[in-house]
Amino acid sequence: MMNYESFKEYKDPLWSCLTKVNRPSRYVGKEWGVDKAWNEGSLKFCLAFPDVYEIGMSYIGFQILFSLLNSISGVATDRVYCPWTDMEEEMRERSIALRSISHKIPLSEFDVIGFTLQYELTYTNILTILDLADIPFLSSERNDDHPVILAGGPGALVPAPLSEIVDVFCLGDGEPFLPVFCDLMEKTRGLPREQRLKEISRLPGAYVPLLHGYATEEDKPESRESFPIRRNLVKDLDTAHYPERMIVPNAPVVHDRIPIEIFRGCSRGCRFCQAGMIYRPVRERSPETVLKLMDTLLNSTGWDEVGLVSLASCDYSGILELLKRSQPILDKYNANVTLPSLRMDNFSVQLANSLESHRRGGLTFAPEAGTQRLRNVINKGVTEEDIENTLDSVFAHGWKRVKLYFMMGLPTETEEDLEGIIDIARRAMHIARGYHRRSQINISVAGFVPKAHTPFQWEPQDTIEDLSRKGRFLKSKVHDRNISLHYHEPDQSFLEGVLARGGKELSKVIINAWERGARFDGWTETFNLLLWMRAFEEEGIDPFHIACRRRDLDEKLPWDNIDAGISRSFLWKERELSLKGHVTPDCRWDNCHLCGLEKVCSMLSSNKVSE
Amino acid sequence: MKRLRVLYSKRGLFSFIPHTSLPQIFASAARRAGLSFHYSEGFSPRPKISLGPALPVGVPALAEPADFYFLSWNDHNLRRWKTNLPQDLTIHSWGAVEGKNLSKLCKAASYLIFPRADIALPIVEKTIASSRAGELSLDFQVRDGGLSITLPDPQQYGPGFIVKILVAERVIKDWSEIAVIRTSIANMVEGSITPLL
């Protein structure tokens with residue numbers, strides 16, 4: 001008969017931890033789609049997402065990179081997510097080291113751990129992962145036996161705050177970089193760490209702070225000539241790697257569907273938007289490739305929803321044709337399609353209306369600012385008329401819930417602009433009442449955080465007090481119980497702003513704050529600014545000087561060693577136009593504005609023509 | 001529309017995947033295998049699937065029932081379905097069924113209980129025997145270093161019911177000190193235990 005020995009699961013060191021934590025499914029793994037056999041002799045690469053599983057599993061980048069790495073022979077790939085604080089505690093109590101999620105390999109045994117830097121407030125989670133794997137925090141303290149710590153994603157283009165922690169930053173698109181990087185790692189196996197890093201530092205788009213030095217210091221004169229380091233770029237998405245199988249999570253995740261990236265980059269030119277600057281130029285995947293992937297992935301994953309993903313999916317040229325041609329494929333699998341990131345125009349509403357899946361909930365739009373003047377300043381090409389027409393169209397089509405995203409603390413903002421937010425909410429409600437008895441308007445207001453590589457990179461961020469005051473002001477103006485207004489925690493926006501534009505001195509602060517207990521700073525339930533303020537104080541850093549100060553044109557910026565593609569002169573010109581309230585139209589339908597990528601752009605378009 | 005009943009097991013760390021996630025996991029595996037569901041009516045149609053009584057996370061199970069409403073199936077589809085499931089979620093047997101809804105047929109469930117850590121079996125046995133669980137039990141035996149118990153109405157008297165008794169009597173601190181495994185679920189017809197398949 002069966003005895004206790006028949007149930008090997010109870011021998012698993014994780015078992016007891018999992019009986020005690022919330023959402024134990026985060027740590028289980030065992031998802032469908034992880035099918036490459038684990039070969040001990042391979043180069044072991046762990047993709048690390050510095051936040052919880054359900055967020056990490058919704059990130060399209062890891063689906064692409066996991067599949068890309070697995071396609072390289074001699075590379076074995078696994079993933080890890082940051083254990084929530086309850087799990088971290090259980091692991092420490094039982095002295096359990098962090099292991100990868102599928103094959104349960106101790107993290108310290110990997111050759112490479114590759115972090116993605118999607119959001120500044122995940123940086124302490126990187127340290128949690130390193131610490132639970134018994135890997136020293138500082139690049140300079142790691143030896144030949146330790147994994148190489150790689151980091152990519154948008155945060156890698158502003159690497160200074162993590163530059164004493166990360167060994168190698170991968171700048172720009174990962175697709176061209178990872179195969180050559182893995183090849184070099186394999187070829188240099190057994191060589192001393194320093195020599196390996198030296199070889200890696202010569203790869204295009206690799207920034208190795210230990211060897212290259214930093215933007216604002218002159219301590220490595222021999223590497224001056226390699227600055228600025230240019231980001232890598234996929235030229236043609238049709239020939240770029242895209243997964244034909246994906247990891248299908250067992251537990252609910254944020255976006256539970258097949259993500260298909262239909263284009264990369266956006267040239268709308270919103271002046272606050274880092275993604276709109278650092279992913280240029282626009283590169284589209286052809287409808288043929290998208291349709292083929294759709295069929296293949298619906299078949300191989302069993303998901304019944306496809307998300308056509310990009311920074312502004314309605315901008316895809318021929319989106320109507322693509323949707324029309326998708327229909328027979330979707331019908332075959334009884335699946336539907338979603339389009340995230342709707343623009344505020346009638347076309348988007350018509351599109352959404354044609355997609356059955358959007359019918360479920362409400363619609364979300366981002367006017368970003370309350371008045372036409374301020375929308376011109378930020379180059380959000382949305383007019384009062386667009387807003388009215390869009391809202392009218394939304395409610396006329398039967399939707400009863402609308403969510404609107406705004407920002408407070410934008411450059412040149414006045415009280416009138418804040419009142420404009422309330423005014424739009426009221427007008428929305430007025431329009432809604434013309435169609436429905438019951439409707440709901442949700443307003444979400446984020447504190448504006450100036451980001452590197454944008455026209456606002458020189459601008460001061462509002463102080464915590466300013467943002468709190470503005471948030472309270474906005475809340476006090478809402479008297480309709482069918483309008484709800486929520487604003488982001490100003491403390492968190494402040495820290496995000498410091499980490500977004502700080503220099504290499506922040507590495508020590510991040511470590512200090514982590515040691516004091518800072519974890520999951522992006523989550524309101526765990527965030528604690530006090531820990532950070534003590535860390536800043538102890539390291540002798542003034543965070544207000546980083547976040548809330550206006551910079552001069554000639555100030556050396558901590559990210560000057562990184563060439564994200566857009567030129568400094570373009571950014572400054574955009575800043576000047578912004579302060580005058582002049583808009584710059586999208587270069588897809590207007591002249592080239594010489595943003596710095598014109599050479600790449602003309603090469604891409606001539607390629608397309610010759611095809 | 002045809003109704004297929006399966007018995008499946010949930011083992012290893014997969015036991016920590018919540019019960020409520022299983023319909024989607026089974027459904028996506030079935031779609032990968034080329035099976036077509038009968039969809040529920042209404043605003044957002046979903047594949048029609050009924051699971052047996054909810055099982056808390058952290059309880060391995062050997063033969064849980066679930067009913068699936070397919071447009072049709074054949075042996076080839078079903079075999080492919082089996083191989084398309086995530087590791088440690090396994091379908092062991094299946095058969096076409098008719099009649100009452102699954103939720104009306106799950107009248108009894110059997111469990112194996114093993115103390116973990118330093119907990120002694122006799123005290124676990126004595127505590128359960130003299131509790132409401134002992135009173136209700138349809139079958140109660142000590143064997144192979146553990147307890148085997150069959151309780152009525154798994155919706156109400158599930159693994160949580162047993163663990164709660166042991167915690168209340170201070171035999172164990174929490175779930176980490178006990179192993180509870182659900183071995184089977186059955187119907188009761190005229191007082192005798194009847195298999196679901």
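Remember, predicted model here, so these are calculated numbers, not experimental data.

Helices and strands together make up the secondary structure of chain B, namely 5 helices and 10 strands. Scaling as 2.2 N^0.38, a compact globule of 197 residues should have a C-alpha radius of gyration of about 16 Å, and chain B matches this with 18 Å. On the principal axes, the C-alpha backbone points of chain B span a range of 50 × 40 × 35 Å. Each of the 197 residues in chain B was classed as buried or not, and the buried ones make up 39%. Across chain B, the fraction of contacts at a sequence separation of at least 24, relative to all contacts at a separation of at least 6, is 73%.

In this section: the sheet that holds strand S6 (residues 206-207) of chain A. By way of backbone hydrogen bonds, the strands of a sheet pair with one another, either parallel or antiparallel. Residue and element names in this part refer to chain A. Spatial strand order, S2-S1-S3-S4-S5-S6: 6 strands in an open sheet with mixed pairing. Where the open sheet ends on each side, the last strands, each with one partner, are strand S2 (75-81) and S6. Where strand S1 (residues 43-49) lies against S2, 7 bridges are found, and the strand directions are parallel. In the strand pairing of S2, Leu47 is matched with Arg79. Each of S1, S2 and strand S3 (112-116) is contacted by helix H3 (residues 60-70), which is oriented at about 155° to S2, the strand it contacts most.

In this structure, Val445(A) and Ile113(B) are the most contacted members of the largest nonpolar core, which totals 231 residues. Element by element, the count of residues in this core is highest for helix H15 (residues 415-435) of chain A, at 8 residues. The contacts of Val445(A), once residues within four sequence positions are left out, are Phe406(A), Met407(A), Met408(A), Ile421(A), Gly471(A), Leu474(A), Leu485(A) and Tyr487(A).

Accessible area lost on assembly of the parts is the figure often given for the size of an interface. All names here are of chain A. You can read the domains of chain A as domain 1 (11-230) and domain 2 (341-505 + 541-600). On a C-alpha basis, the centroid separation for the pair domain 1 and domain 2 is 32 Å. Tallying the contact residues gives 18 residues for domain 1 and 18 residues for domain 2. In terms of residue class, the side of domain 1 that touches domain 2 is made up of 13 nonpolar, 2 polar and 3 charged.

Here the focus is helix H11 (residues 319-333) of chain A. Residue and element names in this part refer to chain A. With 15 residues, H11 should reach 21 Å at 1.5 Å per residue; the first-to-last C-alpha distance of 21 Å fits that figure. Largest kink in H11: about 35°, centred on Gln327, with the proline Pro328 one to four residues after it. Among all positions of H11, only Leu322, Ser326 and Leu330 are buried. Check the buried side of H11 and you find it contacts helix H10 (287-301) and strand S12 (336-338). Asn334 lies just past H11 and shows a positive phi near 55°.

Attention now moves to the interface of chain A and chain B. Listed by partner, the interface residues are 30 residues for chain A and 33 residues for chain B. Residue assignment for the side of chain A that touches chain B shows that the elements contributing at least two residues are helix H1 (13-18) and H10 of chain A. Per element, the largest residue contribution to the side of chain A that touches chain B is 3 residues, and it comes from H1(A). Class assignment of the residues belonging to the side of chain A that touches chain B gives a composition of 15 nonpolar, 8 polar and 7 charged.

A word on the sheet that holds strand S16 (residues 483-487) of chain A. Residues and elements named next belong to chain A. Taken in spatial order, the 4 strands of this open sheet run S13-S14-S15-S16, and their pairing is parallel. The open sheet is flanked by strand S13 (363-368) and S16, the only strands paired with a single partner. Across the sheet, the mean angle separating the axes of adjacent strands is 20° when strand polarity is ignored. Taken together, the 8 bridges between strand S14 (residues 401-408) and strand S15 (residues 440-447) define a ladder with parallel strand orientation. Paired with Phe406 across the bridge in S15 is Val445.

Conventions adopted
Note on numbering: residues in each chain are counted from 1, in written sequence order. Chain labels run from A onward and ligand labels from 1 onward, assigned in the order the entries are written. At least 70 in pLDDT is required for a residue's local features to be given in this predicted model, at least 80 for side-chain atom pairs to be given and counted, and no such filter applies to totals for whole chains, interfaces and linings, which use all residues. A run of H or I in DSSP counts as a helix once it spans at least four residues, and a run of E counts as a strand once it spans at least two, with each numbered from the N terminus. With the radius of gyration taken over C-alpha atoms, the globule rule is written as 2.2 Å times the number of residues to the power 0.38. Here the C-beta atoms are placed from the backbone, and a residue counts as buried if at least 20 other C-beta atoms lie within 10 Å of its own, exposed if 12 or fewer do, and partly exposed otherwise. Contact between two residues is assigned whenever their backbone-derived C-beta positions fall within 7 Å. When DSSP finds two or more bridges between a pair of strands, those strands are recorded as paired. A fitted line through C-alpha atoms serves as each axis, taken over the contacting stretch for helices, and the angle formed by two N-to-C directions is quoted from 0 to 180°. Connectivity within a nonpolar core runs through C-beta atoms within 7 Å, and the core itself is a set of buried Ala, Val, Leu, Ile, Met, Phe, Trp, Tyr and Cys residues. Residue ranges assigned to each domain were obtained from an automatic or database domain assignment. In this count, Pro and Cys sit with the nonpolar residues alongside Ala, Val, Leu, Ile, Met, Phe, Trp and Tyr, while Asp, Glu, Lys and Arg are called charged and the others, Gly among them, polar. A helix is expected to reach a length of 1.5 Å times the quantity of its residues less one. Throughout, the bend at a residue refers to the angle made by two axes, fitted to the seven residues ending there and to the seven starting there.

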